[in-house]
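# What the coordinates show
One-letter residues, chain by chain:
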Amino acid sequence: MTEFFKNIPAIRYEGPDATSEFAFRYYNPDEVILGKRMEDHLRFAVAYWHSFAWPGGDPFGGQTFDRPWFGDSMDLARLKADVAFEMFDILGVPFYCFHDADMRPEGATFAESKRNLDAMVDYLGQKQADHKTQLLWGTANMFSNRRWMSGAATNPDPDVYAYAAATVKANMDATLTLGGQNYVLWGGREGYETLLNTDLAAERAHAGRFLQQVVEYKHKIGFKGAILIEPKPQEPSKHQYDYDVATVYGFLKDFGLEKEVQVNIEQGHAILAGHSFEHEIAMAASLGIFGSIDMNRNDYQSGWDTDQFPNNHAEKALAFYEILRAGGYTTGGTNFDAKVRRQSLDAEDLILAHVGGMDTCARALKCAAAMLESDELEANRRARYAGWETDAAKAMLEGGLEAAAARVTAEGLEPQPVSGRQERLENLWNKYI
Ligand code: XUL
Ligand code: CO
C-alpha cells in the first residue's frame, strides 16, 4: 500500500440516508434494474489522465497538485499505477482508461517511448490480474507533444503521419494485450488553426485512409473490441474534423467504415457542438454507431471544455434514457472524463468527486429505467407516428413524388395539426426524477 489514500475506506452502498461522505447513496452495484445489475448497466471507468497525470494547470497558471508520483522515471510511473489501482479498489470501479502518455514516461526517441510503454503494459497487466479493475479502452495521446502541433494523421508532413501510425499501432497492441474492450481515437489536433494554410481535401483524405488502416490492423491482430471515434467540434484546434456525431457518420460512410467504427460521446463535447448530450447519444443510436460515453459536465457559462464531474441527475436521466432505449452498452461504458478543480488538492477530493459522479449516474439510471418501464413516453411516441403503420403511408415511400402527391386529391387529404404535448412529456420526466 502507498500512503496516498491512507485512512480512506472502501466505498460501500449505504443508501440515501447514509451519514458518511464516504458512502454511495444511489450506486448499488448489485441492485437489479430492468433485469441487469447496476454495475453491468453503468460500467464505470476512471480516466487515468485527469486523476493521475493532470498537474492542475490552467491557461494562466501551472501545477497546483503535489503528487508523489509526478516525474519522468519508470519508478514514478509504477508508483502512479500503484496509487491508481488503490483508488480503483476504493471505488470498486470495474474499468479504467488511459492514453500512453498518462502511464509511461515519454522517451527521447520513439524506441525508448515504446520500451517504456511495453514495460508499463507488463506492470498494468499484473495489476489487472491482482485487482478487479480492467481496461475499458486505451488510446494514444497525439495532441500534447509539439510534434503533433499541426495534426497527427492530418499533418501536412508525411513523416508525422508515419509517427502517428507507429504510435497508434503500439497503443492498439497495448490495448489488445491488456484485454481492452475498445480502442478510442480522439483527434484533438485533427483540424486546423487557419484555412489560409490548410488543404482540407488532402487532410480529410489522409484521415480517412488512416482510419481504414486502423480497422485493417484491428482485424489483422484479432482485436475483438470496438474502434471508437470521439467527436469534438473545437478545442484545442480552432476547428476539428470530427465535429459531432452526424459529421463523423458522414465521414465513416465516405470511407466505408460505418459498420466498423462507432462513437465515444462526451457530454462537454456535445455542448461545445451546440447539442445536448442526449441528442448526440440518440443520433448515434439512430445511425447504429453508439459505442460508449465520456461522462462529465461543462460549466454553463464559461464556454470551455471544463471536464467537471456530473452532479445533475435530472439532466443525466435524459442521457441514460437514450442509452437504455438504445439497448444499453455492449463494449462501451461510462468513463469519467472529468477532473477535480485545481484548488481541490486533497486525496479525499479525488475520491469524493468520483463518488458523487457515480451516485449522480446511478440516480439518473434509476430515473431513466423508471421512465422506460412506465412506457408513458414511448406510448406517446408510438401514437405520434402510428399513421405511418398504414399501407397507404408505407406505399408512399416506395413510389415516387407524383404518387404521393396524388393521394391529396384522391383521398381528399386535409391534415389536422395535433399537439406535440411537450410540456406534458416534460412533466412526466419531472415525475420520475
Ligand atoms: C479531450 C478528451 C480526451 C479523449 C481521449 O477533450 O475528451 O481526453 O477522451 O483522448
Ligand atoms: Co473524452
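Residues numbered from 1 in each chain as written. Chains lettered and ligands numbered in written order. Predicted model: local features only at pLDDT ≥ 70, side-chain atom pairs only at ≥ 80, totals over all residues. Heavy atoms only, no water.

## A look at the pairing of strand E12 (residues 261-266)
Counted residue by residue, E12 has five buried out of six residues, so it is predominantly covered. Judged from the three bridges that link them, strand E10 (residues 226-229) and E12 form a sheet pairing that is parallel. Among the inter-strand pairings, Ile 227 is bridged to a residue of E12, identified as Val 261. When E12 meets strand E13 (residues 290-295), the two strands line up parallel, connected through four bridges. Across the sheet, Ile 265 pairs through a bridge with Ile 293, a residue of E13. (Buried < 20%, exposed > 50% of the residue type's maximum accessible area, 1.4 Å probe, protein only. Helix = DSSP H or I, 4+ residues; strand = E, 2+ residues; numbered from the N terminus. Pairing = 2+ DSSP bridges.)

## Notes on the coordination of the cobalt ion (ligand 2)
Binding of the cobalt ion (ligand 2) to the protein goes through Glu 230 (OE), Glu 266 (OE), Asp 294 (OD) and Asp 337 (OD), at separations of 2.0 to 2.1 Å. Each donor residue of the cobalt ion (ligand 2) lies on the same chain, and together they follow the pattern E-x35-E-x27-D-x42-D. With Glu 230 in the loop between E10 and strand E11 (239-240) and Asp 294 in strand E13, the pair connects residues that are 64 residues apart, well separated along the chain. Taking relative accessible area as the criterion, Glu 230 reaches 4% and is therefore assigned buried. (Donors = N, O, S within 2.8 Å, 3.2 Å for Na, K, Ca; no water.)

## Observations regarding helix H8 (residues 245-254)
Turning to H8, its buried residues number three or more, namely Val 245, Val 248, Tyr 249, Phe 251 and Leu 252. Down the axis of H8, the buried set is contained in an arc of 165 degrees. They therefore lie on one face. Buried residues along H8 sit against helix H7 (200-221), E10, E12 and helix H10 (277-287). Directly beyond the C-terminal end of H8, a positive phi value near 65 degrees is found at Gly 256. (Arc of directions from axis to C-beta. Contact = heavy atoms within 4.5 Å.)

## Thoughts on empty space enclosed by the protein
Inspection of the entire model under this criterion finds three cavities of 30 Å³ or more. Looking at the largest cavity, its volume works out to about 270 Å³. For the largest cavity, the lining is made up of 22 residues, of which Leu 185, Gly 187, Glu 190, Phe 210 and Asp 242 are closest to its centre. Where the lining of the largest cavity is concerned, the elements lending two or more residues are strand E8 (182-185) and H7. In this model, the second largest cavity occupies a volume close to 40 Å³. In terms of lining residues, the second largest cavity is bounded by Lys 36, His 41, Phe 320, Ile 323, Leu 324, Gly 328, Tyr 329 and Leu 365. Among the elements that make up the lining of the second largest cavity, the one with the highest residue count is helix H11 (residues 313-325) (three residues). (1 Å grid on protein atoms, 1.4 Å probe; cavity = no way out; pocket = protein on both sides within 12 Å on 5 of 7 lines; lining within 4 Å. Points joined across faces, edges and corners; volume = space filled by probe spheres on them.)

## A word on the sheet that holds strand E5 (residues 44-47)
The eight strands lie next to each other as E5-E6-E7-E8-E10-E12-E13-E14, forming a closed barrel whose pairing is parallel. Between one strand and the next, the sheet's axes are offset by a mean angle of 30 degrees, whatever the strand orientation. Where H7 meets the sheet, it contacts E8, E10 and E12, and its direction lies at approximately 160 degrees from that of E10. Across the sheet, helix H12 (residues 347-374) touches E5, E13 and strand E14 (334-336), and the angle it forms with E14 is around 150 degrees. (Axes fitted to C-alpha atoms, helices over the stretch in contact; angles between N-to-C directions.)

## Examining the packing of aromatic side chains
Inspection of every chain in the model, using the stated rule, returns 24 aromatic pairs. Aromatic pair Phe 110 and Tyr 163: ring centres 5.4 Å apart, planes at 85 degrees, arrangement edge-to-face. Taken together, the residues Phe 110 in helix H5 (residues 110-130) and Tyr 163 in helix H6 (residues 158-177) connect sequence positions 53 residues apart. Given a relative accessible area of 27%, Phe 110 falls into the partly exposed group. Taking the relative accessible area as the measure of exposure, Tyr 163 reaches 26% and is therefore partly exposed. Among the aromatic residues, those joined into a cluster by ring pairs are Phe 4, Phe 5, Tyr 48, Phe 52, Trp 69, Phe 70, Phe 85, Phe 88, Tyr 96 and Phe 98. (Phe/Tyr/Trp six-rings, centres within 6.5 Å; stacked < 30°, edge-to-face > 60°.)

## So, the environment of Ala 207
Relative to the helices and strands, Ala 207 resides in helix H7. Given the relative accessible area of 16%, Ala 207 is considered buried. In the structure, Ala 207 is positioned 168 residues away from Asp 375 in sequence and 43 Å away in space, judged by C-alpha atoms. When sequence neighbours within four positions are dropped, the list of residues in contact with Ala 207 reads Ala 153, Thr 154 and Phe 251.

## A few points about the domain arrangement of the protein
Taken domain by domain, the protein comprises domain 1 (12-374) and domain 2 (385-432). Measuring from the centre of the C-alpha atoms in domain 1 to the corresponding centre in domain 2 gives 40 Å. (Domains from an automatic or database assignment.)

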